[in-house]
Amino acid sequence: MRAIVSKGAQAELIAMDIAPPTAGSGEVVVDVRAIGVGRVDLIMRQLMPADFIPGIEVAGIVTSVGADVDPRWGDRRVFARMQAGGYTEQVVVSEDDIVALPDGVAFESAVASGVNALVARFCIAKAQLIAGETVLVRGAQGGIGHLVVQMARILGAQVIEGRKNSPPVPADVVIDLVAGSGARACIEQLNANGRYVIAGISAGMPPADFAGPLLTDFRRSRSLMTLSLDSYPPSVVSYAAKEVFTDVAAGKIIPIVAETMSLSQANAAHRLLEAGGIVGKVVLLPDPRMVR
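Residues numbered from 1 in each chain as written. Predicted model: local features only at pLDDT ≥ 70, side-chain atom pairs only at ≥ 80, totals over all residues. Heavy atoms only, no water.

As annotated in an unreviewed UniProt entry, the chain carries the name Quinone oxidoreductase 1 and comes from Brevundimonas vancanneytii.

**Digging into the nonpolar core**
Grouped together as the largest cluster of nonpolar side chains are 49 residues, with contacts concentrated most on Leu101, Leu118, Val119, Val135, Ile175 and Phe245. Counting residues per element, the ones that place at least two in this core are helix H2 (107–127), strand S8 (134–138), helix H3 (145–155), strand S10 (171–176) and helix H6 (234–249). In terms of residue count, H2 provides more of this core than any other element does, 12 residues in total. Both of domain 1 (1–99 + 255–283) and domain 2 (125–227) provide at least three residues apiece to this core. In this view, Ile175 contacts Cys123, Ile124, Val135, Leu136, Val137, Arg138, Val148 and Val197; residues no more than four positions away in its chain are not counted. Residues Val30, Val58, Val93 and Ile278 belong to the second largest nonpolar core, which totals 30 residues. (Core = buried A, V, L, I, M, F, W, Y, C linked by side-chain atoms within 4.5 Å. Buried < 20%, exposed > 50% of the residue type's maximum accessible area, 1.4 Å probe, protein only. Helix = DSSP H or I, 4+ residues; strand = E, 2+ residues; numbered from the N terminus. Domains from an automatic or database assignment. Contact = heavy atoms within 4.5 Å.)

**Observations regarding the packing of helix H1 (residues 39–47) against helix H7 (residues 266–275)**
Two elements in contact, H1 and H7, have axes separated by 10 Å at closest approach and are oriented at 100°. By the angle between their axes, H1 is roughly perpendicular relative to H7. Residues Arg39, Asp41, Leu42 and Arg45 of H1 touch H7, and the partners they reach there are His270, Leu273 and Glu274. Class assignment for the residues of the contact of H1 with H7 results in two nonpolar, one polar and four charged. (Axes fitted to C-alpha atoms, helices over the stretch in contact; angles between N-to-C directions. Parallel < 35°, antiparallel > 145°, perpendicular 65-115°, else oblique. Nonpolar A, V, L, I, M, F, W, Y, C, P; charged D, E, K, R; others polar.)

In structure tokens, the structure reads:
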């Protein structure tokens, strides 16, 4: 089968033939129908050694199940999470990392919400955002950010969509998907008892001393937190994913597909992300000849 392989940070992604996966104990094979493309894929190309397959989320159909797996998963439409390996025709994943998709959720919508919506959901929960509070969302137009905005408004919070050169506005919560040198200024915007959650570094790591104001203005009791989905058990993430897809099916959450491209256009998809300005999620679809 065909897969898209990273040959290193400075090299183009290339298409290769690899052996089809086989489900082991506790695993399933998913026939891929849509692949989410995110900045994490770009970051992993910088950090990972050559010859790895990018992609941390796919949607598709379970074609086979291994030992100790509920056979009812066979032929079901699912969303699947993984550490890497999604840019391919088929993936093998643990049963713990798949979630059934409601009939009303298309494969493209599944990966356009997917991991992004989970990060958004856990950010809001970690910040303990409540109705009536003001939340500043840095990176509000991105794949995660636009979902944070939607979820915060559903809660009844007042949303400030952070943009470059925006004037500072006091906020109870900052959810930062950008970081970089602008992080310190956002801390200065926090009200007393404000909470700052960093869940992305698309502009790079913040300066080493960026959190200094939290201590120098100690009496305001402001908090800094980070968030990674890897810190949550698979069962917790899967439960949250079920709720996300229920909301997508009901129209409460509307994921934005910024662009759909074929799997063979993975390089172009990455260049599109690198250029910035994308609203929503870039999605790769298997080439027509790949679909069985």
